[in-house]
Amino acid sequence: MAEVAQTLDVGMEVTGRVKHVGIYGALVDIGTGQDALLHISQLSNGEERRFEEVVPAGSDITAYVYKTRQDGYVALSMEKPPMVPWQSIKQGNTYTGEVIRVENFGVFVDFGAERPGMVHVSEMADGYVKSPSDIASIGQEVEVRVIKKSGRPRQIDLTMKKDQEESMLIEEEAEDEVEVPTSMAQAFRRAMGGSEENEVRNDSKRSPRIDHRSRQEEILARTLRGS
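Residues numbered from 1 in each chain as written. Predicted model: local features only at pLDDT ≥ 70, side-chain atom pairs only at ≥ 80, totals over all residues. Heavy atoms only, no water.

Attention shifts here to the overall build of the protein. A count of helical and extended segments in the protein gives 5 helices and 10 strands. Among the 227 residues that make up the protein, the fraction classed as buried is 30%. In the protein, 56% of the contacts between residues at least 6 apart in sequence involve partners at least 24 apart. Counting only carbon and sulfur atoms, one obtains 48% of the accessible surface of the protein, whose full area is about 15,400 Å². (Helix = DSSP H or I, 4+ residues; strand = E, 2+ residues; numbered from the N terminus. Buried < 20%, exposed > 50% of the residue type's maximum accessible area, 1.4 Å probe, protein only. Contact = heavy atoms within 4.5 Å. Areas by Shrake-Rupley, 256 points an atom, 1.4 Å probe, with all protein chains shown as cover.)

Encoded structure:
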C-alpha cells in the first residue's frame, strides 16, 4: 500500500488506532496498509506523562504526518509540523515573515519554520543602520532571504537586503525601458531634421496631421533608396 502512503502530505492530520507501544514509540494503523511510527520524541511539547499513558495500546489518536517515504513508511507527530519544514529551508530561499522580537543586535522573524530566524543589524539594510528599531518593529511584515542554516544548534540566519543578482536585474530592466532608436529611426530623424524647415514653409497651408504623415512616407522612401 505504498501508493496510499504517497498520497499523504507532510503536515496532514490523520486519525488511527495504536496497535503496539514499545521502547521507542508506537505503531499506529492509519489505514494505509502499513503501520505508521509515532516516535517517542514526537509527543506534544511540555507533555510530562509517560509515553504509554499518552498513547495507550488500543486507543484512537489524532496525529500529523511528519515524514513519508516511497516505500510506504510514514512517521507521525503529535505536534503539528511547521508550515516551512526544516528540510525545505535552503540558502537563497526567500520568505515573508513577521518581526516578533527586536534586540540591539538585530531582529527575529517568524516565517513559519519551527523556530524564528535572525536578521543581524548589518543585514537589515544596504547602508549603515544605527539601531534595528529604526528599520523594523514588532508585528511588522518583512521579506527575508536565507543566508545560512546551522544544524546544531538549529539556527537560521536571514537578511533583509536585496539579492545582488536581483538588484542587477532591476537595473537592467530599468535600462531596457530607455528607448534606443534603431538605425532606420536614426536615419529618419536625420532626414527629418534636414528637410523639415523648407517643407513646412512650402506647405504651411496643409493640415498638420496630413503634412506630417506625408513627410514621413516621403523621407522613409528616400532613406530606403539611399538618397
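A few words now on the pairing of strand 3 (residues 36–39). Every regular strand shows the same layout, with side chains that alternate between the two sheet faces. The two faces of strand 3 differ: A36 and L38 on one face are buried, but L37 and H39 on the other face are not. Examined bridge by bridge, strand 2 (residues 25–29) and strand 3 share 4 bridges and lie antiparallel to one another. Along strand 3, the bridge assignment pairs G25 with H39. The loop that links strand 2 with its antiparallel partner strand 3 comprises 6 residues; one of these, G31, has a positive phi angle of about 85 degrees. With 2 bridges joining them, strand 3 and strand 5 (residues 74–77) adopt parallel strand pairing. (Pairing = 2+ DSSP bridges.)

Overall, mixed pairing links the 5 strands, which are arranged 6-7-8-10-9 in a closed barrel. The sheet shows a mean angle of 50 degrees between the axes of neighbouring strands, direction not considered. Strand direction decides the pairing type here: strand 6 (residues 94–103) and strand 7 (residues 106–110), joined by 5 bridges, are antiparallel. Bridge assignment links R101 to a residue of strand 7, and that residue is F108. (Axes fitted to C-alpha atoms, helices over the stretch in contact; angles between N-to-C directions.)

Time to look at the pattern of salt bridges. Scanning all chains against the criterion turns up 7 salt bridges. Put simply, D71 and R69 hold a salt bridge, and the shortest N to O gap is 3.2 Å. Residues joined in a network through salt bridges with shared partners are R50, E52 and E53. (Salt bridge = Lys/Arg side-chain N within 4 Å of Asp/Glu carboxyl O.)

Attention now moves to the side chain of R145. One can find R145 in strand 9 (residues 141–150). One polar contact links the side chain of R145 to the main-chain carbonyl oxygen of K161, over a distance of 3.2 Å. (Polar contact = N/O pair within 3.5 Å; in protein donor to acceptor, adjacent residues only side chain to side chain.)

This part covers the environment of K130. In this structure, K130 sits in the loop between strand 8 (117–120) and strand 9. The exposed category is assigned to K130, whose relative accessible area is 70%.

One pass over the full model with this rule turns up 2 aromatic pairs. Summarising the aromatic geometry, the rings of F105 and F108 are spaced 6.2 Å apart at their centres and angled 90 degrees between planes, so their arrangement reads as edge-to-face. The lysine or arginine in question, R69, covers the ring of Y73, its NZ or CZ lying 4.1 Å from the ring centre. (Phe/Tyr/Trp six-rings, centres within 6.5 Å; stacked < 30°, edge-to-face > 60°. Lys NZ or Arg CZ within 6 Å of the ring centre and 35° of its normal.)

So, about the sheet that holds strand 1 (residues 13–21). Read around the closed barrel, 5 strands run 1-2-3-5-4, paired in mixed fashion. Strand-to-strand twist across the sheet, computed as the mean angle between neighbouring axes with direction ignored, equals 50 degrees.

On to the environment of S131, then. By the element assignment, S131 lies in the loop between strand 8 and strand 9. With relative accessibility at 24%, the residue S131 sits in the partly exposed group. Side-chain polar atoms of S131 contact the side chain of S133, separated by 2.9 Å.

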